[in-house]
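Observations on the three-dimensional arrangement
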Amino acid sequence: MADLQINSESVFNFEQCLKCSVCTVYCPVSAVNPAYPGPKQAGPDGERYRLKSPVFFDENLKKCLNCKRCEVSCPQNVKVGDIIQKARMKYSTHKPGLRDRMLASTDFVGTMANRFAPIVNIMLAMKLTKTVMHGTIGVDKHRQFPAYSAQRFETWFKRHAQAEQSQYSKQVSYFHGCYVNYNFPKLGQDLVKIMNAVGYGVQLLDKEKCCGVAKIANGLYDQAKKHGKINIDSIRKAKEAGRVTLTTSSTCCFTIRDEYEHILELPQEDVRESVNLATRFLFQLLDEGKIKLAFRSDYKKHVAYHSACHMERMGWVVYSTELLKLIPGVQLTMLDSQCCGISGTYGFKRENYEVSQTIGAPLFAQIKALAPDCVSTDCETCKWQIEMSTGVPVENPISIIADALDVELTKQLNAN
């Protein structure tokens with residue numbers, strides 16, 4: 001009985017499943033791919049059989065996006081997505097191939113690509129390169145890769161911002177993540193701009209590795225756990241120094257706060273609440289009257305907001321959207337709650353590309369019909385998917401706030 005309790009993943013509450021199938025109704029994969037068993041069957045139902053014998057494990061569970069929409073919809077708070085992910089970890093016989101390792105090795109690939117960014121960006125955009133990757137390692141030829149920056153965010157920060165941060169009496173730490181560091185340093189620069197304007201200095205963590213979400217998705221669990229431990233130790237040091245740790249990525253934030261404990265079994269209870277999304281942190285400060293924001297009178301933009309799946313799982317969409325509503329020149333339209341289909345590295349894979357695009361099709365159609373100046377979302381891979389599939393630029397809420405901010409007036413308001 002004791003062994004059964006350990007293997008049952010009862011911490012995920014699968015015994016509480018009512019078999020109502022609401023999770024399957026809200027599952028974006030079940031709607032377009034009949035080969036996927038669906039979250040109820042793959043999760044709670046399948047777990048009951050897997051407890052009897054691993055032979056009942058179905059490799060089709062790899063078709064799960066890990067979007068967590070099943071968990072958002074579940075009336076019994078069953079951690080359906082976690083059950084599926086843990087089953088893949090325990091029973092899957094699939095070994096990560098070259099493609100999986102490349103897609104998951106964001107720090108290594110990013111570091112190499114930054115050194116030769118102009119050449120790498122040209123090569124990745126070439127039809128010949130895409131065709132070769134499609135036929136050899138299985139990265140779909142239709143997928144557009146995000147451009148790499150010639151200068152990492154960490155390099156920019158140390159050269160242009162770090163020395164100034166000590167002048168602020170209040171401090172935060174920043175988990176920038178791979179996207180900011182290797183692809184789009186401007187987002188990190190925008191956060192520094194905002195935090196400095198409201199009287200906060202920004203510090204980098206002592207050590208930072210990829211949050212691990214790509215490694216988890218591609219079966220590199222030991223590496224994900226090793227890097228997760230490094231991140232937790234650094235976040236713990238920041239907390240001991242009196243600093244909360246901010247992220248600008250909803251997926252990085254969700255992974256550290258929830259996946260580390262539930263999936264990688266990394267103890268982080270003591271630091272979980274010190275990890276916060278930047279928009280949530282700013283909203284909380286505003287709501288408590290601790291800071292003030294002033295915006296430019298000449299800033300005008302029609303913004304359509306896309307609710308990233310992990311933002312919905314955390315329940316934090318309201319923080320980003322309420323901040324955007326504070327900008328006088330922003331006309332905000334909420335897009336329907338729909339998965340965009342990319343799910344990190346999932347949509348890069350040849351066998352998943354068509355499903356990925358089919359899942360996102362209703363969202364793409366809505367954006368094209370609306371024709372906003374830009375789409376806003378807190379997830380970088382949603383950005384890649386939407387920009388590629390609609391041609392509409394996508395910005396993180398932090399970048400929109402930074403562009404609209406009247407920096408000098410905001411500094412004056414927060415100096416009093």
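Summary of the structure given here.

Here is what the cut-offs are and how they apply
Residues numbered from 1 in each chain as written. Predicted model: local features only at pLDDT ≥ 70, side-chain atom pairs only at ≥ 80, totals over all residues. Heavy atoms only, no water. Core = buried A, V, L, I, M, F, W, Y, C linked by side-chain atoms within 4.5 Å. Buried < 20%, exposed > 50% of the residue type's maximum accessible area, 1.4 Å probe, protein only. Helix = DSSP H or I, 4+ residues; strand = E, 2+ residues; numbered from the N terminus. Contact = heavy atoms within 4.5 Å. Disulfide = S-S within 2.5 Å. Pairing = 2+ DSSP bridges. Axes fitted to C-alpha atoms, helices over the stretch in contact; angles between N-to-C directions. Salt bridge = Lys/Arg side-chain N within 4 Å of Asp/Glu carboxyl O. Left-handed = near helix turned anticlockwise from the far one by under 90°. Nonpolar A, V, L, I, M, F, W, Y, C, P; charged D, E, K, R; others polar. Polar contact = N/O pair within 3.5 Å; in protein donor to acceptor, adjacent residues only side chain to side chain.

With respect to the nonpolar core
- Core analysis: the biggest nonpolar cluster contains 83 residues, and M195 and I327 have the highest contact counts within it.
- Considering every element that reaches this core, the biggest residue donor is helix 12 (residues 185–197), with six residues.
- With residues up to four places along the chain from it excluded, the contact list for M195 reads V172, Y200, V202, L246, F281 and L282.
- Ranked by size, the runner-up nonpolar core spans 25 residues in total, among them C70, I83, Y91 and Y346.

Quick look at the state of the cysteines
- One pass over the structure, following the stated rule, counts zero disulfides.
- C27 forms no disulfide, and the closest cysteine sulfur to it belongs to C67, at a distance of 6.2 Å.
- Looking at C27, the relative accessible area reads 9%, which means it is buried.
- Its sulfur unpaired, C64 is 6.3 Å from the next cysteine sulfur, which belongs to C70.

Considerations on the environment of V29
- Note on placement: V29 falls in the loop between helix 2 (22–26) and helix 3 (39–50).
- Residues in contact with V29, not counting those within four places in the same chain, are Y36, K63, L65 and I359.

Some thoughts on the sheet that holds strand 5 (residues 301–305)
- Read from one edge of the open sheet, four strands run 6-5-7-8, paired in parallel fashion. Pairing within the sheet leaves two strands with one partner each, and these edge strands are strand 6 (330–334) and strand 8 (394–395).
- Where strand 5 meets strand 6, five bridges bridge the pair, whose relative direction is parallel. Each residue of the ladder has a partner; that of A304, found in strand 6, is T333.
- Sheet contacts for helix 18 (residues 317–325): strand 5, strand 6 and strand 7 (374–376); angle to strand 6, the most-contacted strand, approximately 150°.

With respect to the pairing of strand 1 (residues 170–175)
- Among the six residues that make up strand 1, five are buried, leaving the element largely enclosed by the rest of the structure.
- Pairing of strand 1 with strand 2 (residues 200–204) involves five bridges; the strand directions are parallel. Its bridge partner lying in strand 2, Q171 is registered against G201.
- One ladder, built from three bridges, connects strand 1 with strand 3 (residues 245–247); its direction is parallel. Counted as the bridge partner of S173 is T245 from strand 3.

A closer look at the pairing of strand 5
- The buried fraction of strand 5 is high, at five of five residues.
- Pairing of strand 5 with strand 7, which is carried by three bridges, proceeds in the parallel orientation. Bridged to V303 within strand 7 is C374.

Some words on the pattern of salt bridges
- Going through the model one piece at a time under the given rule, you end up with 28 salt bridges.
- Residues E288 and K290 are paired through a salt bridge, measuring 3.1 Å at the closest nitrogen-oxygen approach. The burial state of E288 is the same as that of K290; both residues are exposed.
- E387 is paired through a salt bridge with K383; the nearest N and O atoms lie 2.9 Å apart. Taken together, the residues E387 and K383, both in helix 20 (residues 380–390) and four residues apart, mark about one turn of the helix.
- Of the residues examined, K383 reaches a relative accessible area of 13% and is grouped as buried.
- Among the charged side chains, a network of salt bridges with common partners joins K68, E71, D82, E259 and R313.

So, the packing of helix 16 (residues 278–287) against helix 18
- Where helix 16 contacts helix 18, the axes come no closer than 8 Å and their chain directions differ by 65°. In this structure, helix 16 meets helix 18 at a crossing whose hand is left-handed. Residues T279, R280, L282, F283 and L286 of helix 16 touch helix 18, and the partners they reach there are Y319, S320, E322 and L323.
- For the contact of helix 16 with helix 18, the residue count by class is five nonpolar, two polar and two charged.

Considerations on the environment of P393
- Topologically, P393 is positioned in the loop between helix 20 and strand 8.
- The spacing of P393 and C374 is 19 residues in sequence and 5.1 Å in space, taken between C-alpha atoms.
- If sequence neighbours within four positions are ignored, P393 has contacts with D373, C374, V375 and E387.

With respect to the side chain of S376
- Relative to the helices and strands, S376 is located in strand 7.
- Judged by relative accessible area, which is 0%, S376 ranks as buried.
- Of the polar contacts made by the side chain of S376, one reaches the backbone oxygen of E395; its length is 3.0 Å.
- Setting aside chain neighbours within four positions, we find S376 in contact with V303, A304, Y305, H306, L324, E395, N396, P397 and I400.

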